[in-house]
Amino acid sequence: MMLSGTTLIIVALVGPSLFVTTTQAVAWSDTPANIVKKYGGASLQTASRKPKADLSWTATWGIDKTAGKIFFAIEAGTTGWVGLGLSEAAAMRGADIMMGHVDSDGVTHVGDYHAVGNSAPIRDGCQDWSVHHGEEKDGSTLIVVSRLLQTQDSNDRPILLTGLLRNGLMAAFGATDYYTYHGTNKVKFSVNLDTGAAADQASWSAAKAADASLSSFVLRVNEGSVPAAGTPDFP
């Protein structure tokens, strides 16, 4: 599925900020796919995903498997910050997060962060995202970045293209260039970054159940607690 830009029909005023809430494609300087190919290589295969119909956030990406690098174009209906999170369970705790914005002088800024809970992300000591392009138009922002699939940074999550793991992603954006709370402008979703296909729980489970080569699974819980011994849940 190819999407050429963030879309808009209705513009809503929320507090002091302007958010684009629905969808006609923004006429960027070029399509996000073409800009990704500009920096990742003309032969790059690209895919796009808009995870939620009423959230003005779209990701377009391509992977250079030879270089072990992924390129993302992130569009959002705001002139504030935009964010992309990588998380095994698509939740804040343990997430690897990219946040960026285009300032009033047209300069694009991107930071590498991680989260330890449902709170403001912490800036990494090692910055592994590279910024290639940024622009604002018609109340929306487009930022193009890249990162190694595996950075060897303990605060970064490896991006795995094979095996059992789905890629859990988080989308978010804010009202201003200050990285404040996103409010309801967020969504978490799962996708196969290698193919661009959605990887919801039902389709993923069905595909794994049909794979005769699989014999076991490792189950992990992102957030939760273990009942004390002797309770009805844990005799």
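Further up the page is the structure itself.
None of the values given here were measured: they were computed from a predicted structure.

Draft legend 1. Representation of the sheet that holds strand β7 (residues 96-102). In spatial order, the strands read β9-β8-β7-β6-β12-β13; together these six strands make up an open sheet with antiparallel pairing. Both edges of this open sheet fall to β9 (122-123) and β13 (186-191), since each of them pairs with a single strand only. Alignment of strand β12 (residues 167-173) against β13, held across six bridges, turns out to be antiparallel. Residue pairing in the sheet places Ala 172 in a bridge with Lys 186 of β13.

Draft legend 2. Local environment of the sheet that holds strand β4 (residues 57-64). Strand order in this open sheet of five strands is β3-β4-β5-β11-β10, and the pairing throughout is antiparallel. Across the chains shown, the open sheet's two edge strands, defined by having one partner strand only, are β3 (46-49) and β10 (130-137). Neighbour-to-neighbour, the strand axes of this sheet turn through a mean angle of 15°, independent of strand direction. Looking at chain direction, strand β5 (residues 69-76) and strand β11 (residues 140-148) are connected through eight bridges and run antiparallel.

Draft legend 3. Highlighting helix α1 (residues 32-40). For α1, the complete set of buried residues consists of Pro 32, Ala 33, Ile 35, Val 36 and Gly 40. The buried residues of α1 occupy an angular sector of 165° when the element is viewed end-on, so they sit on one face. In this fold, the buried residues of α1 make contact with β3, β4, β5, β10 and β11. One or two steps after α1, the chain reaches Gly 41, where phi turns positive at roughly 120°.

Draft legend 4. Here's a closer look at unusual backbone geometry. With phi around 50°, Asp 138 is a residue other than glycine that occupies positive phi space. Within the secondary structure, Asp 138 is located in the loop between β10 and β11. Of note, Gln 152 is a non-glycine position whose phi angle comes to about 70°, a positive value. Among the secondary structure elements, Gln 152 is positioned in the loop between β11 and β12. A relative accessible area of 71% means that Gln 152 is categorised as exposed.

Draft legend 5. Here's a closer look at the side chain of Asp 153. In this fold, Asp 153 is placed in the loop between β11 and β12. In this structure Asp 153 is buried but unpaired, with Arg 147 as the nearest side chain of opposite charge at 8.1 Å. There is a polar contact of 2.9 Å between the side chain of Asp 153 and the backbone nitrogen of Asn 155. Dropping the residues within four chain positions of it, Asp 153 is found in contact with Asp 124, Cys 126 and Asp 128.

Draft legend 6. Inspection of the packing of aromatic side chains at higher detail. Under the counting rule described, the total for this entry stands at five aromatic pairs. Here Tyr 113 and Tyr 179 contribute two aromatic rings whose centre-to-centre distance is 6.0 Å and whose plane-to-plane angle is 80°, an arrangement assigned as edge-to-face. Of this pair, Tyr 113 sits in strand β8 (residues 108-114) while Tyr 179 sits in the loop between β12 and β13, and the two are 66 residues apart along the sequence. Grouped by ring-pair contacts, the aromatic residues Trp 61, Phe 72 and Trp 129 constitute a single cluster. Over the aromatic face of Trp 129 sits the side chain of Arg 147, whose NZ or CZ is 5.8 Å from the ring centroid.

Reading guide: rules and limits
Every residue gets a number counted from 1 within its own chain, in the order that chain's sequence is written. The predicted origin of the model limits local features to residues at a pLDDT of at least 70 and limits the giving and counting of side-chain atom pairs to 80 or more, whereas totals for whole chains, interfaces and linings rest on all residues. Side-chain measures were taken over the full set of non-hydrogen atoms in the model, leaving aside hydrogen atoms and water. Think of it this way: DSSP has to see at least two bridges between two strands before they count as a pair. For helices the rule is a DSSP run of H or I covering at least 4 residues; for strands it is a run of E covering at least 2, with both sets numbered from the N terminus onward. Geometry is summarised by axes, namely lines fitted to C-alpha atoms with helices restricted to the contacting stretch, and by angles between N-to-C directions that run from 0 to 180 degrees. For each residue, the accessible area found with a 1.4 Å probe, counting protein chains only, is set against the maximum for its type, and the residue is called buried under 20%, exposed over 50%, and partly exposed in between. Think of the arc as the fan of directions from the helix axis to the C-beta atoms. Contacts are residue-level and defined by heavy atoms, with any inter-residue pair within 4.5 Å sufficient. In summary, the charge assignment counts Lys and Arg as positive and Asp and Glu as negative, without counting His or the chain termini. Basic side-chain nitrogens of Lys or Arg form a salt bridge, by our definition, when they fall within 4 Å of a carboxyl oxygen of Asp or Glu. N or O atoms closer than or at 3.5 Å make up a polar contact, with two conditions inside protein: a donor-capable atom paired with an acceptor-capable one, and, for residues adjacent in sequence, both atoms drawn from side chains. Classification of ring pairs rests on two measures: the distance between centres of Phe, Tyr or Trp rings, Trp counted by its six-membered ring, which must be within 6.5 Å, and the angle between planes, read as stacked under 30 degrees, edge-to-face over 60 and tilted in between. Remark: a charge is flagged as sitting over a ring if the NZ atom of Lys or the CZ atom of Arg is within 6 Å of the ring centre and within 35 degrees of the ring normal.

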